[in-house]
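# A closer look at the structure
Each chain, written out:
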Amino acid sequence: FDMFVLAFIERFFRPIYKKDDIVLGKKLGEGSFGSVYRVSLARKPSSKPADLVLKKATEYGAVEIWMNERVRRACANSCADFLYGFRETSSKKGAEYWLLWRFEGEATLADLMQSRDFPYNVESLILREVQDLPKGLDRENRIILTIMRQLLFALDGLHSTGIVHRDIKPQNIIFSEGSRAFKIIDLGAAADLRVGINYIPKEFLLDPRYAAPEQYIMSTQTPSAPSAPVATALSPVLWQAFPGLRSDNSLIQFNRQLKRCDYDLVSWRQSVEPRAGPELRKGFELLDLDGGIGWELLTSMVRFKARQRISAKTALAHPYFDREGLLALSFIQ
Ligand code: ADP
Ligand code: MG
């Protein structure tokens, strides 16, 4: 009942946006399914944010509007703040869907990871107090852990709603300057398991560098929301451990090696460790810290069968995330 009341109230009070209100700014992205611009409003009433992002999408925009509306109602904090979506028919190219969000910030996680200073460039953004630790593994781990916790938290919100994103990757994680937290963007390839929207795969929508190995996701008959591809969300951990994986080529190579090992991370490790260079060896060393909890978390998330992967919620409860407590203790001593 509450949902009806809310929907009714919203119907009258939620600001709407029209094509003529929108003043195009810089282009932020261009994909085969649409273009993304930073935009402002021609006349700015105080009830609307001044700084926005517009996506002009193809027919897939209809699904993206659906997903964003669901997120707005069910787990607004997981994703960029969605404002409005509508069908726009005046374009020469035929009908488009226009979607508007609040402009959350300048940088995606991918942008931040490009910096040589990563993860320290993220530290001042997300940690309230400056860390008194010397630069080194412990301090880096604490930053990575905070990024991971924010990511998994957002992902768990989506999954609890029944939405599987299917394109989680650093390019689709925006740093929200207002919330001082990472948020998920780009629900263009998402599937809604509660109602079955988009659960038939559109393979071409998925990014081969990051997509989970399975082609089909579970149907609406599934009683609970599934543990969707968490594997790729783990890239901050993987990439801190293995900076070599940050380039596209080595990521593709890693995927190929993993496939050859039947997506078994343990046998992948066995195959590469004997002839590992110093960088790879340092990576394993890092994941082996504290009795190997990092490695344990990694292997429970990167699994071929979706049912065997731990969910975002379970991952959040993993001892890996107690590390902060461990660090605080060692700091006091
Ligand atoms: P695409 O389908 O082109 O991948 P995205 O939704 O991922 O579209 O958006 C493309 C880019 O636009 C993102 O990588 C990000 O840099 C920027 N962007 C998207 N949404 C926002 C937002 N709400 N705030 C700030 N930047 C955004
Ligand atoms: Mg994207």
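Preceding this paragraph is the structure being described.
This text gives an overview of the structure that appears in the document. The structure presented is a predicted model; accordingly, all values stated were derived computationally and were not measured.

### Topic: the coordination of the magnesium ion (ligand 2)
- Of the protein atoms, only Asn172 (OD1) and Asp186 (OD) coordinate the magnesium ion (ligand 2), at distances of 2.2 Å. Taken as a pair, Asn172 in the loop between strand 6 (163–164) and strand 7 (173–176) and Asp186 in the loop between strand 8 (181–184) and strand 9 (191–192) lie far apart in primary sequence, 14 residues in all.

### Describing the site of ligand 1
- Taken together, 16 residues are adjacent to ligand 1, and Lys55, Arg102, Glu104, Asn172 and Asp186 come closest.
- Between Arg102 and ligand 1, the recorded distance is 3.0 Å, taken from a backbone N or O atom to a nitrogen atom.
- Between ligand 1 and Asp186, the relevant distance is 2.9 Å, taken from an oxygen atom to a side-chain nitrogen or oxygen of the residue.
- Considering ligand 1 on its own, with 550 Å² of exposed area, one finds that the protein chains cover 82% of that surface.
- Going through the elements one at a time, strand 3 (52–57) and strand 5 (96–102) are the ones with two or more residues in the shell around ligand 1.
- Of the residues in the shell around ligand 1, the class split is 8 nonpolar, 4 polar and 4 charged.

### Details of the packing of helix 7 (residues 248–260) against helix 8 (residues 265–272)
- Where helix 7 meets helix 8, the closest approach of the two axes is 9 Å, and the angle between their N-to-C directions is 110°. When the interaxial angle is binned, helix 7 and helix 8 end up roughly perpendicular. On the side of helix 7, the interface is formed by Phe254, Gln257 and Leu258, while helix 8 contributes Leu265, Trp268 and Val272.

### Focus on helix 9 (residues 278–301)
- The first and last C-alpha atoms of helix 9 sit only 25 Å apart over 24 residues, clearly below the 34 Å expected at 1.5 Å per residue.
- The sharpest bend along helix 9 measures roughly 125° and falls at Gly291.

### Some thoughts on the state of the cysteines
- Scanning all chains against the criterion turns up 0 disulfides.
- The cysteine Cys75 is free of any disulfide, with Cys79 supplying the nearest cysteine sulfur at 5.8 Å.

### Describing the nonpolar core
- Ranked by size, the top nonpolar core spans 39 residues in total, and within it Leu109, Val122, Ile126, Ile147, Leu158, Phe182 and Ile184 carry the most contacts.
- Sort the elements by how many residues they give to this core and helix 5 (residues 137–161) lands first, with 10 residues.
- Not counting residues up to four positions away in its chain, the partners in contact with Leu158 are Val71, Cys75, Ser78, Cys79, Ile163, His165, Ile184 and Leu187.

### A closer look at the side chain of Asp21
- Take Asp21: it is sitting in the loop between helix 1 (2–13) and strand 1 (22–31).
- A polar contact is formed between the side chain of Asp21 and the backbone nitrogen of Lys18, at a distance of 2.9 Å.
- If sequence neighbours within four positions are ignored, Asp21 has contacts with Ile16, Ser40, Leu41, Ala42, Arg43 and Lys48.

### What to know about the packing of helix 8 against helix 9
- Two elements in contact, helix 8 and helix 9, have axes whose closest approach is 13 Å; the angle formed by their N-to-C orientations is 160°. With respect to helix 9, the axis of helix 8 lies roughly antiparallel. Seen from above, helix 8 lies across helix 9 with left-handed handedness. Judged by residue contacts, Leu265, Val266, Trp268, Arg269 and Val272 of helix 8 engage Leu280, Phe284, Asp288, Trp295, Leu298 and Thr299 from helix 9.
- When its residues are assigned to classes, the contact of helix 8 with helix 9 shows 8 nonpolar, 1 polar and 2 charged.

Thresholds, definitions, all that
- Residues numbered from 1 in each chain as written.
- Chains lettered and ligands numbered in written order.
- Predicted model: local features only at pLDDT ≥ 70, side-chain atom pairs only at ≥ 80, totals over all residues.
- Heavy atoms only, no water.
- Donors = N, O, S within 2.8 Å, 3.2 Å for Na, K, Ca; no water.
- Helix = DSSP H or I, 4+ residues; strand = E, 2+ residues; numbered from the N terminus.
- Near = heavy atom within 4 Å.
- Polar contact = N/O pair within 3.5 Å; in protein donor to acceptor, adjacent residues only side chain to side chain.
- Areas by Shrake-Rupley, 256 points an atom, 1.4 Å probe, with all protein chains shown as cover.
- Nonpolar A, V, L, I, M, F, W, Y, C, P; charged D, E, K, R; others polar.
- Axes fitted to C-alpha atoms, helices over the stretch in contact; angles between N-to-C directions.
- Parallel < 35°, antiparallel > 145°, perpendicular 65-115°, else oblique.
- Contact = heavy atoms within 4.5 Å.
- Expected span 1.5 Å × (residues − 1).
- Bend = angle between axes of the 7 residues up to and from the residue.
- Disulfide = S-S within 2.5 Å.
- Core = buried A, V, L, I, M, F, W, Y, C linked by side-chain atoms within 4.5 Å.
- Buried < 20%, exposed > 50% of the residue type's maximum accessible area, 1.4 Å probe, protein only.
- Left-handed = near helix turned anticlockwise from the far one by under 90°.

By themselves, these are just geometric observations and shouldn't be taken as functional.
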